Amino acid sequence: MKLPFIFAKRFVAGETFEQTINKVKDLNQKKIKVSLDLLGENVTDRKVADETVAAYIDLVKGIEENGLDSTISIKLTMLGLDIDRDYCRDNLFKLLSVAKANKRFVRIDMEGSPYTQVSVEMYKEALAKFGSKVVGLVLQAYLKRTEVDVNELAKLGGDIRICKGAYKEPAEIAIKEMPEIRKAYLRYAKHLIDNTAYPRIATHDDELIDAVLAYTKEKNISKDRFEFQMLYGLRQNTCEKLAAEGYNVRVYVPYGTMWLPYFTRRLAERKENIFFVLTAMFKG
Ligand code: FDA
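To keep things clear, this report deals only with the structure shown in the data block. (Residues numbered from 1 in each chain as written. Predicted model: local features only at pLDDT ≥ 70, side-chain atom pairs only at ≥ 80, totals over all residues. Heavy atoms only, no water.)

This part takes up the packing of aromatic side chains. Inspection of every chain in the model, using the stated rule, returns nine aromatic pairs. Plain terms: the ring middles of Phe5 and Trp259 are 6.2 Å apart, the flat faces sit at 70 degrees to each other, and that makes the pair edge-to-face. Here Phe5, found in the segment before helix 1 (17–29), pairs with Trp259, found in the loop between strand 8 (248–255) and helix 9 (260–269); they are 254 residues apart in sequence, far enough to count as distant. According to the relative accessible area criterion, Trp259 is buried, its value standing at 1%. Pairing Tyr252 with Tyr262 gives two aromatic rings, centres 6.2 Å apart and planes at 15 degrees, and the pair type is stacked. Of this pair, Tyr252 sits in strand 8 while Tyr262 sits in helix 9; the two residues are ten residues apart in sequence, bridging distant segments of the chain. We note that Tyr252, like Tyr262, is buried. (Phe/Tyr/Trp six-rings, centres within 6.5 Å; stacked < 30°, edge-to-face > 60°. Helix = DSSP H or I, 4+ residues; strand = E, 2+ residues; numbered from the N terminus. Buried < 20%, exposed > 50% of the residue type's maximum accessible area, 1.4 Å probe, protein only.)

Shown next as structure tokens:
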């Protein structure tokens, strides 16, 4: 049974690109940049993966045609990573070629830990071929291996979005306690600020936002050297406040019909999100 979209609308901008355009324009008018994500993951059918590549390419062009200030975020399992690695790489490179020709940036989201190693490896190949102005990767602070990945990718000049991590991972490979995740996050955020051109600080957590603001002020790092990123439907006031203060802010705007896994992760993350969903439903 498919849940009606009304459940998801607090966190998902629309089921089609057309329904999403005005929401992106509203954010852009408030000096907030966007990263559009056509939702979906774990595609096992080549036809669907081929259609997804075409849809991402259309999206790159649609952003241009509608004058939106937006990058795109993608998932490698949407490009056929579960089908065949070489096929996925070909699809990724096809998309990146179009993005490069259109001067658009593509962010590779990080999925669950079975995909971490292959995502890092594929990102390194993509970075070498297309450069950090075209492609970036996400790293998750809760993974113990991230210490090594942050260092290596910073040295290679990667464009990194650092987040806490949204998947259920075993204690052998992931930090489980929130204070420890925060400590790791802040260590990586500082490393990226010190060692990369333009790090992306993705969190809604005031403790981390305040710590990054304090660190960049203390080190005299200008506001245009990094950006904060938040998810659509969360902390809009904070985004607007930071943007009004001159910080770069980008909102991750998901859309599409395959919203259930994304929506479920948001509900699992914070019990207050369930309340947000109910409020949005009753507002109609
Ligand atoms: P978290 O949910 O841990 O909350 C911490 C504290 O922040 C709360 O106790 C509260 O004080 C405050 N807070 C949080 N939300 C609030 C709200 N709505 N209102 C008021 N206070 C609030 N994950 C992944 O695995 N792969 C990926 O590629 C990405 N990509 C990504 C992009 C972007 C732009 C973002 C913001 C996040 C991701 N994530 C992700 C998700 C990420 O890993 C993580 O699960 C969520 O951001 C939740 O962690 P936070 O640090 O945001 O706050």
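Here Ile221 lies in the loop between helix 7 (206–218) and strand 7 (227–231). In this structure Ile221 comes out as buried when scored by relative accessible area, which is 17%. Considering only alpha carbons, one finds Ile221 and Leu76, 145 residues apart in sequence, at a separation of 33 Å. Not counting chain neighbours up to four residues away, the residues in contact with Ile221 comprise Ile193, Thr216 and Phe226. (Contact = heavy atoms within 4.5 Å.)

With that settled, consider the packing of helix 3 (residues 85–101) against helix 4 (residues 116–130). It is the contact of helix 3 with helix 4, at a shortest axis distance of 11 Å, that shows an interaxial angle of 40 degrees. Seen along the crossing, helix 3 lies across helix 4 with a hand that is right-handed. Of helix 4, the residues touching helix 3 (which contributes Arg85, Cys88, Arg89, Leu92, Phe93, Leu96, Ser97 and Lys100) are Val118, Glu121, Met122, Glu125, Ala126, Lys129 and Phe130. (Axes fitted to C-alpha atoms, helices over the stretch in contact; angles between N-to-C directions. Left-handed = near helix turned anticlockwise from the far one by under 90°.)

Now for the pattern of salt bridges. Applying the stated criterion to the full structure yields 24 salt bridges. Across the pair Asp159 and Arg107 runs a salt bridge whose closest N-O atoms are separated by 2.7 Å. Placement of the pair is Asp159 in the loop between helix 5 (146–155) and strand 5 (160–163) and Arg107 in strand 3 (residues 106–108), with a sequence separation of 52 residues. The shortest N-O distance in the salt bridge between Lys164 and Asp205 comes to 2.8 Å. You can see Lys164 sitting in the loop between strand 5 and helix 6 (178–195) and its partner Asp205 sitting in the loop between strand 6 (200–202) and helix 7, a full 41 residues away along the chain. Asp205 matches Lys164 in its accessibility class, with the two residues each being buried. In this structure, a network of salt bridges that share partners links the residues Arg107, Asp159, Arg200, Glu227 and Arg250. (Salt bridge = Lys/Arg side-chain N within 4 Å of Asp/Glu carboxyl O.)

Time to look at unusual backbone geometry. Despite not being glycine, Lys103 has its phi angle at roughly 55 degrees, a positive value. Tracing the chain through its elements places Lys103 in the loop between helix 3 and strand 3. When its relative accessible area of 76% is taken as the criterion, Lys103 is described as exposed. Look at Arg235: it is not a glycine, yet its phi comes out positive at around 55 degrees.

This paragraph deals with helix 4. In an α-helix there are 3.6 residues to a turn, and that puts residues three or four apart on one side. For helix 4, built from 15 residues, the straight-helix expectation of 21 Å at 1.5 Å per residue is met to within 8% by its first-to-last C-alpha distance of 20 Å. Considering only its buried residues, helix 4 is in contact with helix 3, strand 3, strand 4 (135–140), helix 5 and strand 5. Gly131 sits one or two residues past helix 4 and shows a positive phi near 90 degrees. (Expected span 1.5 Å × (residues − 1).)

Before going further, it helps to spend a moment on the nonpolar core. With 87 residues, the main nonpolar core has Leu36 and Leu92 as its most contacted residues. Beyond its immediate chain neighbours, meaning those up to four positions away, Leu92 contacts Ile74, Leu76, Leu79, Ile108, Met122 and Ala126. Counting eleven residues, the second-largest nonpolar core is a separate cluster that includes Ala8, Leu234, Tyr262 and Val277. (Core = buried A, V, L, I, M, F, W, Y, C linked by side-chain atoms within 4.5 Å.)

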